[in-house]
Amino acid sequence: MEAAGRKPVTPQPGVLLDTHVLLWSLNGARKVSQRLIGVVNSERPVFFSAVSIVEIAIKSQRGTLPDMGDLVPHLQLAGFVELTLDSASAQEMSRFGGLARHDPFDRMLVGQAAAHKLNFETADHTLLSLGMPFIYDATQ
């Protein structure tokens, strides 16, 4: 029951981090904004996607990223929550026709954020230019 005169507190949506933002967060990179640091340190759930794990593994195998080893336990210890790719997220990708030729990992991540009503933190200019209210610039 609410106290008289008090407005109900609306919970803030969770946050899904784009792969590069996830890596920046783990490495303490200065590219991440103070606003995002505050979000990560808040009570809001912060998610990493299984899609990001696939992307990191592929880029590690190609040599464009160092071998990250068994990354998932480190993410979980840091308080991040895993988000799997489900069919609702896959279907949601079709809403973003402007991304048809964009990186497929980014398209999947945006679909996940939209399907699960999460804010999405990225520094990707193409994604930010979509003008979607749930996509935030992780550097600002």
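Everything that follows concerns the structure shown earlier in this document.
In this text, all values refer to a predicted model and were calculated from it rather than measured experimentally.

Caption draft 1: Highlighting helix α1 (residues 19-27). What α1 keeps buried is the set Thr-19, Val-21, Leu-22, Leu-23 and Trp-24. A positive phi of about 65° marks Gly-28, the residue just after α1.

Caption draft 2: Just the sheet that holds strand β1 (residues 15-17), in detail. Overall, parallel pairing links the 5 strands, which are arranged β3-β2-β1-β4-β5 in an open sheet. A single partner strand is all that each edge strand has here, and the edge strands are β3 (81-83) and β5 (135-137). Direction aside, the axes of adjacent strands within the sheet are offset by 35° on average. Relative to β5, strand β4 (residues 119-122) runs parallel, the two sharing 3 bridges. Across the sheet, Glu-121 pairs through a bridge with Tyr-136, a residue of β5. Strands β1, β2 (46-49) and β3 of the sheet are contacted by helix α3 (residues 50-62), whose axis makes an angle of about 50° with β2.

Caption draft 3: Just the pattern of salt bridges, in detail. Per the counting criterion, the structure on display carries 3 salt bridges. Residues Glu-55 and Lys-59 are paired through a salt bridge, measuring 2.9 Å at the closest nitrogen-oxygen approach. Taken together, the residues Glu-55 and Lys-59, both in helix α3 and 4 residues apart, mark about one turn of the helix. We classify Glu-55 as buried; its relative accessible area is 5%. Overall, the relative accessible area of 28% leaves Lys-59 in the partly exposed class.

Caption draft 4: Focus on the packing of aromatic side chains. Within this structure, the stated rule accounts for 1 aromatic pair. Arranged with centres 6.2 Å apart and planes meeting at 65°, the rings of Phe-96 and Phe-134 form a pair that is edge-to-face. You can see Phe-96 sitting in the loop between α5 (87-92) and α6 (104-115) and its partner Phe-134 sitting in the loop between α7 (125-128) and β5, a full 38 residues away along the chain. An identical accessibility class is assigned to Phe-96 and Phe-134; each is buried.

Each value, and the rule that gives it
- Residues numbered from 1 in each chain as written.
- Predicted model: local features only at pLDDT ≥ 70, side-chain atom pairs only at ≥ 80, totals over all residues.
- Heavy atoms only, no water.
- Buried < 20%, exposed > 50% of the residue type's maximum accessible area, 1.4 Å probe, protein only.
- Helix = DSSP H or I, 4+ residues; strand = E, 2+ residues; numbered from the N terminus.
- Pairing = 2+ DSSP bridges.
- Axes fitted to C-alpha atoms, helices over the stretch in contact; angles between N-to-C directions.
- Contact = heavy atoms within 4.5 Å.
- Salt bridge = Lys/Arg side-chain N within 4 Å of Asp/Glu carboxyl O.
- Phe/Tyr/Trp six-rings, centres within 6.5 Å; stacked < 30°, edge-to-face > 60°.

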